[in-house]
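Observations on the three-dimensional arrangement
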Amino acid sequence: MVHLYALTEHPANLPHVRGIGATPLASAALGAIEAIFSEIDGDSAEPTESAILAHAHVVDEVARINDAVLPARLARPYENELALLAAVRDRDVQFRAALDRVRGCVEMGVRVLRKTNGNEADTPSGSQYMRSRLTSVKLAETVADELDEAVSGLTRDALRGVTGTRELVLTAAYLLAREDGGSFRAAVETVASDRPDLSYVCVGPWPAYSFALVDGGAS
Amino acid sequence: MTNGSTALQHEVTLVELVDRVLNKGVTLTGDITLSVANVDLVYVGLRLLLASVGTLERLEADAS
């Protein structure tokens with residue numbers, strides 16, 4: 001069975017690391033696209049902690065030495081290399097466009113949390129709950145707009161997940177040039193300083209997992 | 001950082017990583033993804049993070 005780690009551009013730089021189950025990495029090109037994969041036992045594709053860590057490590061290393069990388073999701077493996085390449089061929093145009101979009105970029109995330117005092121009622125009435133939900137969702141949208149505006153000069157794409165729950169206000173993912181990570185963090189800190197009731201947590205940088213979705217939109 | 005909060009931070013990092021690897025990233029055919037029982041993993045991570053922040057603040061308060 002063949003497990004895919006990432007799609008990148010041909011000619012690819014192959015990192016000197018091993019994949020799931022310590023299998024050696026290989027690559028195969030299809031026109032301008034190169035797939036990085038390894039031959040694994042069927043069982044080792046199960047999403048165990050070691051498989052997840054091995055997959056993520058390979059993606060990190062591929063992204064470190066290649067400019068345009070689409071990280072693959074840990075999914076069921078392909079029967080063989082030909083089946084993998086056939087799947088790439090089916091969406092060749094979309095993958096090339098996605099590679100152009102992420103070239104030279106990393107992903108950073110922002111998680112916005114509400115600083116709770118622990119005194120909130122646990123079982124509000126139905127109408128209280130609906131009012132508080134509405135307020136929470138409006139706050140989340142305002143916070144998301146403020147954040148988007150503050151980092152818009154640095155970012156190339158953005159995805160937001162407005163949750164508006166009691167603790168978690170917002171999760172957002174941004175695509176930005178590799179060298180702009182420091183400026184991005186500074187911009188988020190500036191927004192955070194105007195919102196003392198909320199905690200802003202920057203996560204990343206990591207390869208552009210959220211922006212590799214060729215169909216667009218976060219899952 | 002204390003050992004406790006370091007361990008929680010490690011858990012948060014791992015949860016975020018699991019979320020990326022299983023829920024984000026490109027899929028070639030779209031119908032072959034694995035899932036962790038529809039759990040919102042980032043939310044789980046943030047619950048851990050909140051616990052981590054709470055632990056840290058309590059420890060700092062105890063120490064002062």
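Okay, so let's go over this structure. Everything numeric in this text was worked out from a predicted model, so none of it was measured.

Re the side chain of B:Glu16
Mapped onto the elements of the fold, B:Glu16 is located in helix α1 (residues 3-23). Here the side chain of B:Glu16 touches A:Arg111 through a polar contact of 2.7 Å, side chain to side chain.

Examining the pairing of strand β3 (residues 33-39) of chain A
All names here are of chain A. For β3, the buried fraction is high: six of the seven residues fall into the buried class. Relative to β3, strand β1 (residues 2-9) runs antiparallel, the two being bridged by seven bridges. By the bridge assignment, threonine 8 is partnered in β3 with glutamate 34. Where strand β2 (residues 25-30) lies against β3, six bridges are found, and the strand directions are antiparallel. Looking across to β3, one finds that serine 27 is bridged to isoleucine 36. Joining the antiparallel neighbours β2 and β3 is a turn of two residues, in which glycine 31 adopts a positive phi near 65°.

What to know about empty space enclosed by the protein
Residue and element names in this part refer to chain A. One pass over the structure, following the stated rule, counts one cavity of 30 Å³ or more. By volume, the largest cavity is sized at about 80 Å³. Every residue lining the largest cavity is counted, 12 residues in all, and those nearest its centre are Leu4, Arg73, Ala75, Arg76 and Tyr78. Split into classes, the residues belonging to the lining of the largest cavity amount to eight nonpolar, two polar and two charged.

A few points about the packing of helix α4 (residues 126-151) of chain A against helix α5 (residues 181-193) of chain A
Residue and element names in this part refer to chain A. One can describe the packing of α4 onto α5 by two numbers: an axis separation of 9 Å at closest approach and a directional angle of 140°. In terms of orientation, α4 lies oblique with respect to α5. The handedness of the crossing between α4 and α5 is right-handed. In this structure, α4 contributes Glu146, Leu147, Ala150 and Val151 to the contact, and α5 contributes Phe184, Ala187, Val188 and Val191.

Focus on the environment of A:Ala12
Structurally, A:Ala12 can be placed in the loop between β1 and β2. The spacing of A:Ala12 and A:Ala28 is 16 residues in sequence and 9.2 Å in space, taken between C-alpha atoms.

Some remarks on the packing of aromatic side chains
One pass over the full model with this rule turns up one aromatic pair over all chains. Between A:Tyr174 and A:Phe184, the ring centres sit 5.4 Å apart and the planes meet at 55°, which makes this aromatic pair tilted. On the criterion of sequence distance, the pair formed by A:Tyr174 in strand β7 (residues 168-177) and A:Phe184 in helix α5 is long-range, its members being 10 residues apart. Each member of the pair, A:Tyr174 as well as A:Phe184, is classed as buried. Here the basic side chain of B:Arg20 rests over the ring of A:Trp206, its NZ or CZ set 3.6 Å away from the ring centre.

Some remarks on the sheet that holds β2(A)
Residues and elements named next belong to chain A. One open sheet accounts for four strands, arranged β2-β3-β1-β4; its pairing is antiparallel. The two strands at the open ends of the sheet, each matched to only one other strand, are β2 and β4 (69-71). Strand-to-strand, the axes of this sheet are offset by a mean angle of 30°, without reference to chain direction. In this fold helix α2 (residues 81-90) packs onto β1, β2 and β3, with an angle of close to 45° to the strand it touches most, β2. Helix α3 (residues 92-102) rests against β1, β2, β3 and β4 of the sheet, and its axis sits at about 110° to β4.

Thoughts on α3(A)
The periodicity of an α-helix, 3.6 residues per turn, causes residues three or four positions apart to be oriented the same way. Residue and element names in this part refer to chain A. When α3 is considered as a whole, its buried residues turn out to be Asp92, Phe95, Ala98, Leu99 and Val102. Seen end-on, α3 carries its buried residues on one side only, within an arc spanning 125°. Glycine 104, located one to two residues past α3, shows a positive phi value of around 75°.

Description of the pairing of strand β5 (residues 105-114) of chain A
All names here are of chain A. Counting buried residues in β5 gives nine out of 10 residues, a clear majority hidden from the surface. Here β5 runs beside β7; their pairing, made up of nine bridges, is antiparallel. Looking at β7, one finds that arginine 111 is bridged to threonine 171. Where β5 meets strand β8 (residues 198-206), seven bridges bridge the pair, whose relative direction is antiparallel. Pairing of arginine 111 across the sheet is with valine 201, part of β8.

So, how was this worked out
- Residues numbered from 1 in each chain as written.
- Chains lettered and ligands numbered in written order.
- Predicted model: local features only at pLDDT ≥ 70, side-chain atom pairs only at ≥ 80, totals over all residues.
- Heavy atoms only, no water.
- Helix = DSSP H or I, 4+ residues; strand = E, 2+ residues; numbered from the N terminus.
- Polar contact = N/O pair within 3.5 Å; in protein donor to acceptor, adjacent residues only side chain to side chain.
- Buried < 20%, exposed > 50% of the residue type's maximum accessible area, 1.4 Å probe, protein only.
- Pairing = 2+ DSSP bridges.
- 1 Å grid on protein atoms, 1.4 Å probe; cavity = no way out; pocket = protein on both sides within 12 Å on 5 of 7 lines; lining within 4 Å.
- Points joined across faces, edges and corners; volume = space filled by probe spheres on them.
- Nonpolar A, V, L, I, M, F, W, Y, C, P; charged D, E, K, R; others polar.
- Axes fitted to C-alpha atoms, helices over the stretch in contact; angles between N-to-C directions.
- Parallel < 35°, antiparallel > 145°, perpendicular 65-115°, else oblique.
- Left-handed = near helix turned anticlockwise from the far one by under 90°.
- Contact = heavy atoms within 4.5 Å.
- Phe/Tyr/Trp six-rings, centres within 6.5 Å; stacked < 30°, edge-to-face > 60°.
- Lys NZ or Arg CZ within 6 Å of the ring centre and 35° of its normal.
- Arc of directions from axis to C-beta.

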